[in-house]
Amino acid sequence: LPADTTPPPAPARVWDGGGTRDIDRAATTAQNELYLSWSPVADEPDGSGLAGYEYCITTKASARGCAGTIVGAWSPATQPPADFITGAIALRAGRRYFGCVRARDNARNVSQPRCSDGQVR
């Protein structure tokens, strides 16, 4: 069998609120919480299978994912794409933050990132 060199698709949508809600202002005032959820993806039928997701938190979203000031570098997210709370970040009131998510397969191929539309603390 040929090696899997095809990355999985990017999540179709990333929400910066709980569940499939997208909110402009944070539901929490905690400086170390940002809620993310995203649409699930499936690896290609002949692929190596989906291993999980990675996320980053930033002050500016781009086609490459995290840009601007990165407050949470790419980190693994192995649980299903449900509400996700980050705890090792420091967010400031009045700033807009974006959560970017990408999928990773078992052959270590990584999808293009998809970012939320931002949430103000």
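What comes next concerns the included structure. As the structure is a prediction and not an experimental result, all values here were calculated from the model.

1. Overview of the pattern of salt bridges
At step 1: Applying the stated criterion to the full structure yields three salt bridges.
At step 2: The salt bridge partner of E54 is R104, with a shortest N-O separation of 3.0 Å. Here E54 is found in strand β3 (residues 50-62), whereas its partner R104 is found in strand β6 (residues 96-105), with 50 residues between them in sequence. Take E54 and R104: they sit in the same class, and that class is buried.

2. With respect to the state of the cysteines
At step 1: Summed over all chains, the structure comprises two disulfides.
At step 2: Here C56 engages in a disulfide with C66; their sulfurs sit 1.6 Å apart. Looking along the S-S bond of the C56-C66 disulfide, the torsion reads about 110°, which is the right-handed sense. Taken together, the positions of C56 in strand β3 and C66 in strand β4 (residues 65-77) put the pair ten residues apart, joining distant regions of the chain. With respect to burial, C56 and C66 carry one shared label: buried.

3. A look at the pairing of β6
At step 1: Most of β6 sits out of view: nine of its ten residues are buried.
At step 2: Relative to β6, β3 is paired through eight bridges, and the arrangement is antiparallel. Each bridged residue has a counterpart across the sheet, and for G52 the counterpart in β6 is R104.
At step 3: For β6 and strand β8 (residues 119-120), the ladder comprises two bridges, and the chain directions are antiparallel. Directly across from R96, in β8, lies its bridge partner V120.
At step 4: Bridging between β6 and strand β7 (residues 114-115) involves two bridges; their strand directions are antiparallel. Note on β7: the bridge partner recorded for C100 is C115.

Thresholds applied
- Residues numbered from 1 in each chain as written.
- Predicted model: local features only at pLDDT ≥ 70, side-chain atom pairs only at ≥ 80, totals over all residues.
- Heavy atoms only, no water.
- Salt bridge = Lys/Arg side-chain N within 4 Å of Asp/Glu carboxyl O.
- Helix = DSSP H or I, 4+ residues; strand = E, 2+ residues; numbered from the N terminus.
- Buried < 20%, exposed > 50% of the residue type's maximum accessible area, 1.4 Å probe, protein only.
- Disulfide = S-S within 2.5 Å.
- Pairing = 2+ DSSP bridges.

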